[in-house]
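Geometric and topological summary
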Amino acid sequence: MPAGSATDNPAPEAAPPPDLARRAAAESALAAAESGRADRWSWLRVVIFLGGVVLAVMGLAATDAGASVFAVALAMIAILFTAAARAQRRAERRAAWHRAIAAVCVEAMDRRARAWSKLPATAAPAVPATHPYAADLGVVAGRASLLRLLGPLGTATGAPTAARWLLEPASIPTLKARQLAVAELAGREDFRLELAARARLASSGRTGDIAQFLQWAPGDAWLGQRPLLSAARWLVPAIWLAVIVMVATGPLPGSALALPLVVGIVVSTLSGRAARTLLGRAAPGAATFRIFSEQFGRIVREPLQAPLLRQLQAALIDDGVPAAVELHRLRRVLDASELRYSPMLHGAVNVVVAWDLHVLAALERWQRRAGARASGWFVALGDTEALAAFGSLLRDHPDWSLPELVDDADTLSADRLGHPLLAPEQCVRNDVTVGPPGSFLLVTGSNMAGKSTLLRAVGTNAVLALAGAPVCAHHMRLPWLSLHTSMRVSDDLEAGLSFFMAELVRLTAVVEAARSAHLSGDGGRVLYLLDEILQGTNSAERQVAARRVLHHLLSAGAIGAVSTHDLALADTPALRAAARAVHFRDQLSTTATGPRMTFDYLLRPGPATSANAMKLVELMGLG
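Residues numbered from 1 in each chain as written. Predicted model: local features only at pLDDT ≥ 70, side-chain atom pairs only at ≥ 80, totals over all residues. Heavy atoms only, no water.

Glancing now at the side chain of Arg429. In this fold, Arg429 is placed in the loop between strand S4 (412-417) and strand S5 (430-434). The buried category is assigned to Arg429, whose relative accessible area is 6%. A polar contact is formed between the side chain of Arg429 and the side chain of Asp399, at a distance of 3.1 Å. For Arg429, the side chain forms a polar contact with the main-chain oxygen of Arg416, separated by 3.1 Å. (Helix = DSSP H or I, 4+ residues; strand = E, 2+ residues; numbered from the N terminus. Buried < 20%, exposed > 50% of the residue type's maximum accessible area, 1.4 Å probe, protein only. Polar contact = N/O pair within 3.5 Å; in protein donor to acceptor, adjacent residues only side chain to side chain.)

In structure tokens form, the structure reads like this:
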């Protein structure tokens, strides 16, 4: 249902500037071309392999002189096979890259159209039931949520950061710094698309692995606390070398080789389990590390200007060494560790040279050098991805804006405000003002006319504004606010709370928050949004209780909006003076198929003058 509050319907929204459809088609064509190239390399590998088999058979039947020629030819075949395999992998990686760019463009179009069923799922964090607004406004959970609207976001980095920003309003200086960054990133189309594509490639279920890696990186050195085992990585190969030389030169019999073999097996056994555990924590996967390394490098290379973006770039460079370089060094160590996936070869090499201990020593050198800084890299990456997602939101909605945050303001005002989760062509825009203290917006009107959606439009845009994101309004001005809502309350059988009691608990929390903000004197103010409050009791008691709640909120200096069907709710002298009444209107018309009720979703001054409950009953055939 659309919603808003003004006096005229806005002009149709302009198309988004980026030609996403054309870019998606071009990238898909490039992906298809690279896939075709990879297939051709694959067939060439088959041909080369079969040629090698033929040469090998011919070499077995050849004379000694001819066999040497066939051996050289087989070596050339092996080189050609390896080169073809590498070329195939490069083509496959390029195809995956172009597919990711195309998918990001398609997702951007689907988000703009609010085609929620086509969008990929976003991992929503667990939010306490006591959160002051998350459940009422669809912030991070549900099919249509602000978090899904913000995508694309890397599961391991960007999505948790954006969710935290939406759930925990930042200070005004922080918000203004984010806005400068968002404004700059909105104009950097290629940079945002590349970040989003890499995030897509790196986010296939790797959130837990990255968390595990970040827990390992600054941890204590396992091998460093075991000096004897650490020394064994040099003693084992030294013993092998000494025994082999002595057996070859005569002082020791061949059976003496059992000594280094036993020593190698013992050391391998002692280090094997720890090596598997520590390598499992350190390695979320070579492909994932490659993507994150590329992501860090791409951020550092971009000529960014906003102070916050420059700070994030600086967080990815330590002592002149970029995080991308450090992660690449770690990748090389982890590549060496992958020998363990060839059990027979790994077992032999490990017994002879204590391979696992050398790998662990290299990992611990990396931990000492860079491990403590790793968490900062991923924080910077998450912040950059979240800011880029905000920038995409601004770029894809040209009639949205970055809100004006004013320390000493006492009202929230917005020109042509709409609900950000509604498709642009369905969203009716209107002007809204909530405040100043001592007043409240009283929203009345008939069923289905748009009262609840109006309150959610105010709330969701306030959430975006207090996260540093653009808002669905031509202009919005507000102070720093602590948002509290009571909208989608339900009973709680497990806790033994009836609907009325559950709502009363929620309203008490809103009032206490307003009182705390008023007493703190730090300039913060509560914005409350209350939708049809205290419906779980009779109308007489409901009016008395609701009026008391409003009196408490007014005396605490909070600002807010209340929707109601009850036109007598504010029928006391004090509340009549404080209420700024506005209403929605419906229209009943007769058509060839029968009566029809329509809504224009425009908010008009003054209280509602009609109700439609009985009209709706008749329309449903129950009259």
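Spatially, S8-S9-S10-S6-S11-S14 is the arrangement adopted by the six strands of the open sheet, whose pairing is mixed. What marks the edges here is a single partner per strand, and that holds for strand S8 (481-486) and strand S14 (604-605). The pairing of strand S11 (residues 579-583) with S14 spans two bridges and is antiparallel. Considered in S14, the bridge of Val582 is made with Pro605. Docked against the sheet, helix H17 (residues 451-465) engages strand S6 (440-444), S8, strand S9 (525-531) and strand S10 (559-563), running at close to 155° with respect to S9. (Pairing = 2+ DSSP bridges. Contact = heavy atoms within 4.5 Å. Axes fitted to C-alpha atoms, helices over the stretch in contact; angles between N-to-C directions.)

Per the counting criterion, the structure on display carries 22 salt bridges. Between Arg23 and Asp190 there is a salt bridge, and its shortest N-O distance comes to 3.1 Å. Note that Arg23 is positioned in helix H1 (residues 20-61) and Asp190 in helix H7 (residues 189-202), a separation of 167 residues in sequence. We classify Arg23 as partly exposed; its relative accessible area is 26%. Given the relative accessible area of 42%, Asp190 is considered partly exposed. A salt bridge links Glu189 to Arg395; the nearest nitrogen and oxygen atoms lie 3.9 Å apart. Of this pair, Glu189 sits in helix H7 while Arg395 sits in helix H16 (residues 374-396), and the two are 206 residues apart along the sequence. The exposure class assigned to Arg395 is partly exposed, which follows from its relative accessible area of 32%. When salt bridges with common partners are traced through the structure, they connect Glu184, Arg188, Glu194, Arg298 and Glu302 into a single cluster. (Salt bridge = Lys/Arg side-chain N within 4 Å of Asp/Glu carboxyl O.)

Attention now goes to the sheet that holds strand S3 (residues 404-405). Overall, mixed pairing links the four strands, which are arranged S3-S7-S4-S5 in an open sheet. In this open sheet, the two edge strands, each paired with only one partner strand, are S3 and S5. Bridging between S4 and S5 involves four bridges; their strand directions are antiparallel. Across the sheet, Leu417 pairs through a bridge with Asn430, a residue of S5. Those strands touched by H17 are S3, S4, S5 and strand S7 (475-478), and its axis lies near 110° from that of S4.

Another aspect to go through is the packing of helix H9 (residues 227-249) against helix H14 (residues 343-353). Any two packed helices are characterised by how steeply their axes cross, that is the angle between the axes, and by the distance between the axes. At a minimum axis distance of 6 Å, the contact between H9 and H14 shows a crossing angle of 90°. Considered as vectors, H9 and H14 are oriented roughly perpendicular to each other. Where H9 abuts H14, its residues Arg233, Val236, Pro237 and Trp240 lie against Val351, Val352 and Val353. (Parallel < 35°, antiparallel > 145°, perpendicular 65-115°, else oblique.)

For helix H19 (residues 539-555), spanning 17 residues, the distance from its first C-alpha to its last is 24 Å, which sits close to the expected 24 Å at 1.5 Å a residue. Among all positions of H19, only Arg542, Gln543, Ala546, Arg547, Val549, Leu550, Leu553 and Leu554 are buried. Buried residues of H19, viewed axially, fall in a sector of 165°; they line one side. More than 90 degrees from the buried face of H19, the exposed residues found are Ala540, Arg548 and Ser555. (Expected span 1.5 Å × (residues − 1). Arc of directions from axis to C-beta.)

Turning our eyes to something else, we now look at helix H10 (residues 258-282). Here H10 spans 34 Å end to end across 25 residues, near enough to the 36 Å set by a 1.5 Å rise per residue. For H10, the principal kink sits at Ser271 and spans about 35°. Considered for burial, the residues of H10 that qualify are Pro260, Gly264, Val267, Ser268, Ser271, Gly272, Ala274, Ala275, Leu278, Leu279 and Ala282. (Bend = angle between axes of the 7 residues up to and from the residue.)

Of all five residues in S6, five are buried; the element is thus mostly enclosed. Covered by surrounding structure in S6 are Phe440, Leu442 and Thr444 together with Leu441 and Val443, the residues of both alternating faces. In terms of strand pairing, S6 meets S11 through five bridges, oriented parallel. Considered in S11, the bridge of Phe440 is made with Ala579. Direction of pairing for S6 relative to S10: parallel, over a ladder of three bridges. Within S10, the position partnered with Leu442 by the bridge is Val562.

This part is about the environment of Ala83. Tracing the sequence through the fold places Ala83 in helix H2 (residues 64-112). Considering only alpha carbons, one finds Ala83 and Trp41, 42 residues apart in sequence, at a separation of 9.7 Å.

The next thing to look at is the nonpolar core. If you look at the biggest cluster of nonpolar residues, it comprises 128 residues, and the most contacted ones within it are Phe213 and Trp377. Among the elements that make up this core, the one with the highest residue count is H16 (12 residues). Grouped together as the second largest cluster of nonpolar side chains are 26 residues, Ala517, Val526, Tyr528 and Leu553 included. (Core = buried A, V, L, I, M, F, W, Y, C linked by side-chain atoms within 4.5 Å.)

Time to look at a nonpolar patch on the surface. A cluster of nonpolar side chains, Trp43, Val46, Phe49, Leu50, Val53 and Val57, forms an exposed patch at the surface whose accessible area comes to about 620 Å². Relative to the assigned elements, Val53 resides in helix H1. The exposure class of Val53 is partly exposed, given its relative accessible area of 37%. (Patch = residues over 30% accessible without salt bridge, like charges linked within 9 Å, V, L, I, M, F, W, Y side chains within 5 Å. Areas by Shrake-Rupley, 256 points an atom, 1.4 Å probe, with all protein chains shown as cover.)

Let us look at the packing of aromatic side chains. Counted under the stated rule, the structure contains nine aromatic pairs. Ring centres of Phe213 and Trp366 lie 6.1 Å apart, and the angle between their planes is 45°; this geometry places the pair in the tilted category. One end of the pair, Phe213, is in helix H8 (residues 207-216); the other, Trp366, is in helix H15 (residues 355-370), and 153 residues separate them in sequence. An aromatic cluster of at least three residues, connected via ring pairs, comprises Phe213, Trp216, Phe292, Phe296, Trp366, Trp377 and Phe378. Taking the ring centre of Trp165 as reference, the NZ or CZ of Arg178 above it sits at 3.8 Å. (Phe/Tyr/Trp six-rings, centres within 6.5 Å; stacked < 30°, edge-to-face > 60°. Lys NZ or Arg CZ within 6 Å of the ring centre and 35° of its normal.)

It is worth spelling out the packing of helix H6 (residues 172-186) against H16 at this point. Between H6 and H16, whose axes approach to 8 Å, the crossing angle comes to 60°. Classified by the angle their axes make, H6 and H16 are oblique. Classified by chirality, the crossing of H16 by H6 is right-handed. Of the residues in H16, those touching H6 at Arg178, Ala181, Val182, Ala183, Leu185 and Ala186 are Thr384, Leu387, Ala388, Phe390, Gly391, Leu394 and Arg395. Of the residues contributing to the contact of H6 with H16, the split by class is nine nonpolar, two polar and two charged. (Left-handed = near helix turned anticlockwise from the far one by under 90°. Nonpolar A, V, L, I, M, F, W, Y, C, P; charged D, E, K, R; others polar.)

It is worth stressing that arrangement in space is one thing and function is another; only the former is reported here.
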